[in-house]
Amino acid sequence: MTTSTHIPKQVEELLDTLDGPVSRRRFLKGSGLLVVGFSAAAVVGPLGSGAAAQAGAPAQAAGPYPDPDFRQLDAWIVIREDSTATFYVGKTDCGQGTGTAFRQMMSDELDIAYDQTSLIMGSTDVTVDQGGSGGSDAIQVDGWPMRRAAAEARRVLLELASARFGVPVAQLTVSEAVVTVTADPSRKATYGELIGGRRFNVTLTGDNINATTGVAPVKAVQDLTIVGQSLQRYDIPPKVDGTLKWAVDVKLPGMLHARNVKPPVAGATLVSIDESSVRGLPGFVRVVNRRNYVAVVCEREEQAIQAARQLKVNWRKPATRPFPASDDLFTYMRSATPTSSSTPEVIGNPDAAFAGAARVIEAEYDVPYQGHTAISPAHATADPSDGQMTIYSNDMKSYGMRNGVAEFLQMPRDQVRVVWMEGPQGYGRTAADDAGFEAAFLAKELGRPVRIQWMRDEETAWDTKGPAYAFTLRGGLDAQGQLVALEYNARAADYYHLGYNEPDTVLIAQLFGVRRATPASGRASVPTDMYAIENRRAAGQVVSMPLVHETPLRTGNLRDPDGPQVTF
């Protein structure tokens, strides 16, 4: 069996810089724990055999990237000989500072100084699957298993110290990764001396990852000393001085560069490609085409940009307009037949209240489609080396991307991983999904690492949009001008609402001609919180644009999914 990390040297070094002086991979390699290779026996991943083996599944050859087992304490925490620690969590930080918060919580529970810790987030081969970011619940929900894992690590370390010194745990004191015999402070040991460079080999319990727990309880709020402090976020200084390695910075040996050539008109179909128009350009490698998806691949990025601009492509415009003009959008939305309607939410008796109102005021409000328009266009890099697929992406749901890409490329999940790195486009259903799938597809087609980046105009036009809304509001006032009745009616252009990393709805799949039998119905949200209005009715309808697939008006979550539209 060969021993390998399946990571190019340059990327290994890049990952090391994300994790302080000694990375998890370097630690695991140095302690003989990372054994990845191909043989007749099952391949041992960085965290052991995982849930399948626990369930008694028959031994079989596995890919290089099995799922880290959230019930293993070693999946959450590594402690080195120098008493520094790295935490491994399945979340991503979209700029809110959640990574700093996670480090604070886990440092507090572990009784280690914050500046002696580091954090790895959302890389599917070395962090447990907490789903990435979403729902704005990272601290209140996902922080709990992190705290309980850190508390359990502290308990195990105290037990090791108890055995070393021959005194009960109750007679030990711990502070900043040093365990001391309370009655004799000269007798002490650091975390590194107790376990540094070795595994905990402790199994946690819990039916799911949010329920993960050990034996130890978490600390009471009044005993926390790091949580609640306004610590400097670890990510801001390198963002300011330019030393942070973003997803856009990935460089791999033999890496190619790609640019796609999107239809010039929504709904257009490809007629022909004149490859001779770019074949003679410096660095040209290939034109990749499948149905309405077209991409050019070159050795260098500027060459790919030139080739995409110069490639002669003949498109056929659609026979009917794909969507109304901007000036006609809301008239169309109000007159279109809804694809679905919600059951009205009724409080009190709004009809009677309106009938008795001294004055009724009615108004219409329009909210257009809203793009993410991130500070940098969508991008991703994919590496197909050694029969696996690695995607470097800033997509906030790296685990969903792993699952989606594996299905899209018809590859086993344990041969696919996503390495999350920081970048723009953090919130909502952005084009980062689309770029990750494109990079993976092109890398598999070419058999070499491929980096793709959309152009600014493509990002503005083709990224997933927050749906347009057309509202009608009606209010009834009594003789004193008090609001006694309110009627809220919303129409949302949200038919075929896209989820995250869906292999049959990402843009490249749509351009391939992939169609769901039943598109997602979408929704027309109503406010979740209202003033104390005794009589009210709220309802919503969803409408569809004439063109459903292969359109730049694809709709999906935009930050708080419908908050900006609904809570105006």
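Our subject is the structure that appears above.
Keep in mind it's a predicted model, so treat the numbers as computed, not measured. (Residues numbered from 1 in each chain as written. Predicted model: local features only at pLDDT ≥ 70, side-chain atom pairs only at ≥ 80, totals over all residues. Heavy atoms only, no water.)

**Let's talk about the overall build of the protein**
Broken down by element type, the protein carries 15 helices and 23 strands. Put simply, the protein has 568 residues, and 54% of those count as buried. Partitioning the intrachain contacts of the protein with sequence separation of at least 6 by distance along the chain shows that 77% fall at a separation of at least 24. Element-wise, carbon and sulfur atoms account for 51% of the exposed surface of the protein, whose accessible area totals about 24300 Å². (Helix = DSSP H or I, 4+ residues; strand = E, 2+ residues; numbered from the N terminus. Buried < 20%, exposed > 50% of the residue type's maximum accessible area, 1.4 Å probe, protein only. Contact = heavy atoms within 4.5 Å. Areas by Shrake-Rupley, 256 points an atom, 1.4 Å probe, with all protein chains shown as cover.)

**Quick notes on the packing of helix 4 (residues 98–110) against helix 5 (residues 138–165)**
Across the interface, helix 4 lies against helix 5 with an axial gap of 7 Å and an inter-helix angle of 30 degrees. Relative to helix 5, helix 4 is oriented roughly parallel. The crossing of helix 4 and helix 5 is right-handed. Where helix 4 abuts helix 5, its residues T98, A101, F102, M105, M106, E109 and L110 lie against A138, I139, G143, M146, R147, A150, A151, A153, R154 and L157. Its residues assigned to classes, the contact of helix 4 with helix 5 comprises twelve nonpolar, two polar and three charged. (Axes fitted to C-alpha atoms, helices over the stretch in contact; angles between N-to-C directions. Parallel < 35°, antiparallel > 145°, perpendicular 65-115°, else oblique. Left-handed = near helix turned anticlockwise from the far one by under 90°. Nonpolar A, V, L, I, M, F, W, Y, C, P; charged D, E, K, R; others polar.)

**As for empty space enclosed by the protein**
Enumeration according to the criterion identifies five cavities of 30 Å³ or more in this entry. Space inside the largest cavity adds up to approximately 120 Å³. Around the largest cavity, the lining comprises 16 residues; the ones closest to its centre are Y495, Y496, L547, V548 and L553. Partitioned by chemical class, the residues of the lining of the largest cavity number ten nonpolar, four polar and two charged. (1 Å grid on protein atoms, 1.4 Å probe; cavity = no way out; pocket = protein on both sides within 12 Å on 5 of 7 lines; lining within 4 Å. Points joined across faces, edges and corners; volume = space filled by probe spheres on them.)

**Re the nonpolar core**
The nonpolar side chains of a soluble globular protein tend to be buried with one another. Core analysis: the biggest nonpolar cluster contains 42 residues, and W76, I77, I79, L110, Y191 and F200 have the highest contact counts within it. Sorting the residues of this core by element identifies strand 1 (77–79), strand 2 (85–89), helix 4, strand 3 (117–121), helix 5, strand 4 (172–175), strand 5 (178–181) and helix 6 (191–195) as the ones contributing at least two each. Among the elements that take part in this core, helix 5 stands out by supplying ten residues, more than any other. Sequence-distant contacts of Y191, defined by excluding residues within four places in its chain, comprise I79, S83, L110, D111, R154, L157, V174, A177, V179 and G196. Grouped together as the second largest cluster of nonpolar side chains are 38 residues, Y293, V297, A406 and L507 included. (Core = buried A, V, L, I, M, F, W, Y, C linked by side-chain atoms within 4.5 Å.)

**Here's the deal with the sheet that holds strand 3**
Pairing is mixed in the open sheet, where three strands are placed in the order 1-2-3. This sheet does not close on itself; its edge strands, each paired only once, are strand 1 and strand 3. Neighbour to neighbour, the strand axes of the sheet diverge by 20 degrees on average, direction disregarded. Where strand 2 and strand 3 come together, five bridges link them in parallel fashion. Opposite T86, over in strand 3, you have S118 as the bridge partner. (Pairing = 2+ DSSP bridges.)

**A word on the pairing of strand 17 (residues 416–420)**
Regular strands show a simple pattern: their side chains alternate between the two faces of the sheet. Taken across its five residues, strand 17 has five buried, putting it largely inside the fold. Covered by surrounding structure in strand 17 are V416, V418 and W420 together with R417 and V419, the residues of both alternating faces. Sheet topology places strand 16 (residues 389–393) next to strand 17; five bridges connect them, and they run parallel. Residue pairing in the sheet places S393 in a bridge with W420 of strand 17. Read as a crossover between parallel neighbours, the route from strand 16 over helix 11 (residues 398–409) to strand 17 is right-handed. (Right-handed = clockwise from strand over helix to strand, strands pointing away.)

**As for the pattern of salt bridges**
Scanning all chains against the criterion turns up 34 salt bridges. Two residues, R413 and D67, come together in a salt bridge whose shortest N-O distance is 3.0 Å. Of this pair, R413 sits in the loop between helix 11 and strand 17 while D67 sits in the loop between helix 3 (50–54) and strand 1, and the two are 346 residues apart along the sequence. The class of R413 is partly exposed, set by a relative accessible area of 34%. Here D504 makes a salt bridge to R516, at a shortest N to O gap of 2.9 Å. On the criterion of sequence distance, the pair formed by D504 in the loop between strand 21 (497–498) and helix 14 (507–512) and R516 in the loop between helix 14 and strand 22 (535–542) is long-range, its members being twelve residues apart. On the basis of relative accessible area, D504 is assigned to the partly exposed category, the value being 23%. A single network of salt bridges, built from pairs that share partners, joins R233, D235, K239 and E422. (Salt bridge = Lys/Arg side-chain N within 4 Å of Asp/Glu carboxyl O.)

**Some remarks on the packing of aromatic side chains**
According to the stated counting rule, one finds seven aromatic pairs in the structure shown. Centre to centre, the rings of Y293 and F441 are 6.1 Å apart; their planes meet at 85 degrees, and the pair counts as edge-to-face. Highlighted residues: Y293 in strand 10 (residues 293–298) and F441 in helix 12 (residues 432–446), separated in sequence by 148 residues. Taking relative accessible area as the criterion, Y293 reaches 2% and is therefore assigned buried. Seen in terms of ring centroids, F408 and F512 are 5.9 Å apart; in terms of plane orientation they differ by 15 degrees. Their pairing is stacked. Of this pair, F408 sits in helix 11 while F512 sits in helix 14; the two residues are 104 residues apart in sequence, bridging distant segments of the chain. Of the two residues, F408 and F512, neither departs from the other in class, the shared state being buried. Grouped by ring-pair contacts, the aromatic residues Y293, F408, F437, F441 and F512 constitute a single cluster. When the ring centre of W454 is taken as reference, the NZ or CZ atom of K262 above it lies at 3.6 Å. Across from the ring centre of F512, 4.8 Å away, lies the NZ or CZ of R290, which sits over that ring. (Phe/Tyr/Trp six-rings, centres within 6.5 Å; stacked < 30°, edge-to-face > 60°. Lys NZ or Arg CZ within 6 Å of the ring centre and 35° of its normal.)

**Examining unusual backbone geometry**
The backbone phi angle of Q410 is positive, close to 55 degrees, even though this residue is not glycine. Inspection of the secondary structure puts Q410 in the loop between helix 11 and strand 17. With a relative accessible area of 72%, Q410 lands in the exposed category. At N501, a residue that is not glycine, the phi angle is positive and equals roughly 55 degrees. Assignment of secondary structure puts N501 in the loop between strand 21 and helix 14. The buried category is assigned to N501, whose relative accessible area is 3%.

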